[in-house]
Each structure stands twice: as C-alpha cells, then as structure tokens.
Amino acid sequence: TLEAMVKIVAHGLFLGHKAYLTEAWNRLDLFIVVVGILDLLPIESTNLSTLRALRVMRPLRAINRFPQLRFLVNLLLQCLPMLSNVLALCCFIFFVFGILAVQLVQGRLRGTCYDLETGEREDVMCTIRWGKV
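Quick word on the overall build of the protein chain
Across its full length, the protein chain carries five helices and four strands. Counting from the amino terminus, the protein chain carries its helices and strands in the arrangement α-α-α-α-α-β-β-β-β. Of all 133 residues assigned to the protein chain, the portion counted as buried reaches 18%. Looking at the protein chain alone, contacts between residues at least 24 apart form 30% of all its contacts between residues at least 6 apart.

With respect to the nonpolar core
Judged by nonpolar contacts, Ala-4, Ile-8, Tyr-20, Leu-21 and Val-33 together constitute the single largest core of five residues. The contact partners of Leu-21, leaving out residues within four places of it in the chain, are Leu-13, Phe-14, Arg-27 and Leu-30.

Points about helix α2 (residues 24-40)
Between its first and last C-alpha atoms α2 spans 25 Å; for 17 residues at 1.5 Å apiece the expected length is 24 Å, and the two agree. If you check which residues of α2 are buried, you get Trp-25, Asn-26, Asp-29, Ile-32, Val-33, Val-35, Gly-36 and Asp-39.

Focus on a nonpolar patch on the surface
The grouping of Leu-89, Phe-92, Ile-93, Phe-95, Val-96, Phe-97, Ile-99, Leu-100, Leu-104 and Val-105 at the surface amounts to a nonpolar patch, some 960 Å² of accessible area in total. Tracing the backbone through its elements, the reader meets Val-105 in helix α5 (residues 84-105). You can call Val-105 partly exposed: its relative accessible area is 35%.

Some points on the state of the cysteines
Using the criterion set out here, one finds zero disulfides in the structure. Unpaired in terms of disulfides, Cys-90 finds its nearest cysteine sulfur in Cys-91, a separation of 7.1 Å. Look at Cys-91 and you get partly exposed, because its relative accessible area is 45%.

Reading guide: rules and limits
Residues numbered from 1 in each chain as written. Predicted model: local features only at pLDDT ≥ 70, side-chain atom pairs only at ≥ 80, totals over all residues. Heavy atoms only, no water. Helix = DSSP H or I, 4+ residues; strand = E, 2+ residues; numbered from the N terminus. Buried < 20%, exposed > 50% of the residue type's maximum accessible area, 1.4 Å probe, protein only. Contact = heavy atoms within 4.5 Å. Core = buried A, V, L, I, M, F, W, Y, C linked by side-chain atoms within 4.5 Å. Expected span 1.5 Å × (residues − 1). Patch = residues over 30% accessible without salt bridge, like charges linked within 9 Å, V, L, I, M, F, W, Y side chains within 5 Å. Areas by Shrake-Rupley, 256 points an atom, 1.4 Å probe, with all protein chains shown as cover. Salt bridge = Lys/Arg side-chain N within 4 Å of Asp/Glu carboxyl O. Disulfide = S-S within 2.5 Å.

Below is the structure:
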C-alpha cells in the first residue's frame, strides 16, 4: 500500500504522461491494494467475501518490480487465444469418450454395491444418496 501511495503522489493518479493509472499493471496493483484494505474493514457482507477471494492475486504485485517477469506474463497472456483450438479439441475428445463410456457401461453399475475391504460385489441392492434404486 505504501508503494502505491508513493507512486500516486509522485506520478499523479489520472493526469499526466506517466500517471499511475495509465499503465494496466498499476491498475491491477491498485485493485489488489484496495481489495486488501477492504478486507481489513470489519464489514460482514457477501459482496465483500467474494472480493476476499481475490487475495490470491497478491503475488501478481511482484510483476511491477521485475520487468522480465512482466515480459513472461504478457507473453503467456498473448498465447492464451492460440490455445483455444487445443482446448476445443480436448473438449471434443472428452465428449466423444464420454459418449463411448456411457454406451459401453449402460447403467450396469447402477445400484450395485461393492465391499470396500474385499472389493467383491454384493448381491443386495444399494441405496443412492437420494433414495433407493
């Protein structure tokens, strides 16, 4: 928080060529700082609890201090759209093998109990969490 305040005082918040909020990484840094400050407030709200989950982003503040790390993160973010084709192919393969598994098993394991110690199948009908089969 002290680093963000010093940068805001030195460069200005909005106005100027090197203003603090003109750079995207500084905006991210300020957002993380504000979320951290809101987390310290003794307010119990569901809206603030979702913001508290964003504390995971605190290590990203190190990106401002190391230019090489910033370059690598920018490079990874630029590669994400190119990986969308690979993700689509993986989803398609999972979908096809899911259909294949459903067709091969066809409910044979529904309502079947297995003893956990021996691993053998029991002849009694099992109950599923929501009721009997």
